[in-house]
Amino acid sequence: MIKINENYLKLQASYLFSEIRRRTDEFQEANADKDIIKLGIGDVTRPLPKACIEAFHRAVDEMANDDTFRGYGPEQGYEFLREKIAKADFQDHGAEISADEIFVSDGAKCDTGNIQEIFSSDTRIAIPDPVYPVYLDTNVMAGRTGSFGDGRFDGITYLESTRENRFIPDLPGENVDLIYLCFPNNPTGTTITRSQLQNWVNFAKENQALILYDAAYESFIQNTELPKSIFEIDGAREVAIEFRSFSKTAGFTGTRCAYTVVPKSCMAYAGNGEAHSVHNLWFRRQSTKFNAVSYPVQRAAEAVYSEEGRAQAQALIDYYLKNAKLIRTEMEALGYECVGGENSPYIWIDGKTDSWQFFDLLLEKAGVVCTPGAGFGKCGEGYIRISAFNNYENVEKAMARIRKALSG
Ligand code: MLT
């Protein structure tokens, strides 16, 4: 008899964004004439930068000729892309990362979800609350948790991000092995300072732990004092892996391109205490289960680093940040406490009521989709997240409707 992985039975019935899509579709079906504005899932709406499109087209044409056609690419990604990433995203910011420490992939979601499988099944996990659900769900699937009750899984150390700690979790009071951090944060939109991040790196060193640092939203950081990469922090090369993505940086959510940085000096340990290179383990995993990103997509991503590409990608970020500013200003004017939206595309709003009820209210009364904070964890209850990814005109319209719905 074929048996299932029963860890799947511990999961919530559906993935958060699938549930939001289901509720939205259901509402739309029942209200066919209603115009719905989606500020829920962080999905970009602006076209790819022109430089990327041109590079994409050129690479597709290369695939049409005998002389320039390419089959399987290198497992870690083409060197032309990895060299540009290493220089522009790390070395130019004082972070000592080389091209052979970069693994190009089809998404930070996949990489943050897959990486846990190279670690022992009894790894003690520390996960923020609220949190991007992928970190938690993938560890549940892997059997690293007990059962679910009262909004929490047994066996996980939750790093609470609340108003009291300004949404930056305190260091865990117990031993943990694998720590998930995300800055600028999804969902709260908060950022971390260099000294706060240094404390986490020091903690990881002292505890032979490893930090999984999700920096998918780093291009939204405007404040030059804030670190863009964990590798700008002393000692991080020994204890951290970083995830980056072109999705939000350059509009690649549908095109798919991201990368993960695994320094060669980063170690994890066997049961007998022997140190092993995490880089080698991840290379082994990726070369077995993944076949790289398509050549034209990697050429399109490379174009982000050209002079025009950089300017065009920056214009996208500026566009969404303008939306974010409008959302935050409007919500604050309505009397709601907000964080995020300054160095991040997400605004975290204290709705002062049940998250899902607030979600329903905005959908039914304003025709606006947000994300209920409770979907990100127990500490998200009472909050909603509004995403700045949409056209400015839609955001203006959405905010006018929300104003009417909440003050009427
Ligand atoms: C989000 O809305 O949190 C993100 O778009 C989800 C993702 O990037 O997978």
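Residues numbered from 1 in each chain as written. Predicted model: local features only at pLDDT ≥ 70, side-chain atom pairs only at ≥ 80, totals over all residues. Heavy atoms only, no water.

K.L.:
Which parts of the structure should I look at to understand the site of the ligand?
P.N.:
For the ligand, the full set of nearby residues is Phe17, Ile41, Gly42, Tyr132, Asn186, Tyr217, Lys248, Tyr346 and Arg385. Glycine 42 places a polar main-chain atom, nitrogen or oxygen, 2.6 Å from an oxygen atom of the ligand. Lysine 248 places a side-chain nitrogen or oxygen 2.9 Å from an oxygen atom of the ligand. For the ligand, the accessible surface in isolation is 270 Å², of which the surrounding protein chains cover 86%. Residues of the shell around the ligand, tallied by class, amount to five nonpolar, two polar and two charged. (Near = heavy atom within 4 Å. Polar contact = N/O pair within 3.5 Å; in protein donor to acceptor, adjacent residues only side chain to side chain. Areas by Shrake-Rupley, 256 points an atom, 1.4 Å probe, with all protein chains shown as cover. Nonpolar A, V, L, I, M, F, W, Y, C, P; charged D, E, K, R; others polar.)

K.L.:
What is the right way to read the sheet that holds strand 17 (residues 383–387) from this model?
P.N.:
Strands in a sheet are paired, the pairing made by backbone hydrogen bonds, and the direction either parallel or antiparallel. The four strands are arranged 13-14-17-16 in an open sheet whose pairing can be described as antiparallel. Edge strands, defined here as strands with exactly one partner in the open sheet, are strand 13 (338–340) and strand 16 (371–372). Alignment of strand 16 against strand 17, held across two bridges, turns out to be antiparallel. Bridge assignment links threonine 371 to a residue of strand 17, and that residue is arginine 385. (Pairing = 2+ DSSP bridges. Helix = DSSP H or I, 4+ residues; strand = E, 2+ residues; numbered from the N terminus.)

K.L.:
How should I be thinking about helix 12 (residues 355–366) in this particular structure?
P.N.:
Since the α-helix advances by 3.6 residues per turn, residues separated by three or four positions end up pointing in the same direction. Counted at 1.5 Å a residue, the expected span for helix 12 with its 12 residues is 16 Å, and the 16 Å between its end C-alpha atoms agrees. Positive backbone phi, approximately 65°, marks glycine 367, located one or two places after helix 12. (Expected span 1.5 Å × (residues − 1).)

K.L.:
Any chance you could explain the environment of tyrosine 15 here in plain terms?
P.N.:
On the secondary structure map, tyrosine 15 appears in the segment before helix 1 (16–30). Using a relative accessible area of 21% as the deciding quantity, one classes tyrosine 15 as partly exposed. Linking tyrosine 15 and glutamate 393, residues 378 residues apart in sequence, is a C-alpha distance of 30 Å. Other than its neighbours up to four places away in sequence, tyrosine 15 contacts Lys109, Tyr132, Pro133, Val134 and Asp137. (Buried < 20%, exposed > 50% of the residue type's maximum accessible area, 1.4 Å probe, protein only. Contact = heavy atoms within 4.5 Å.)

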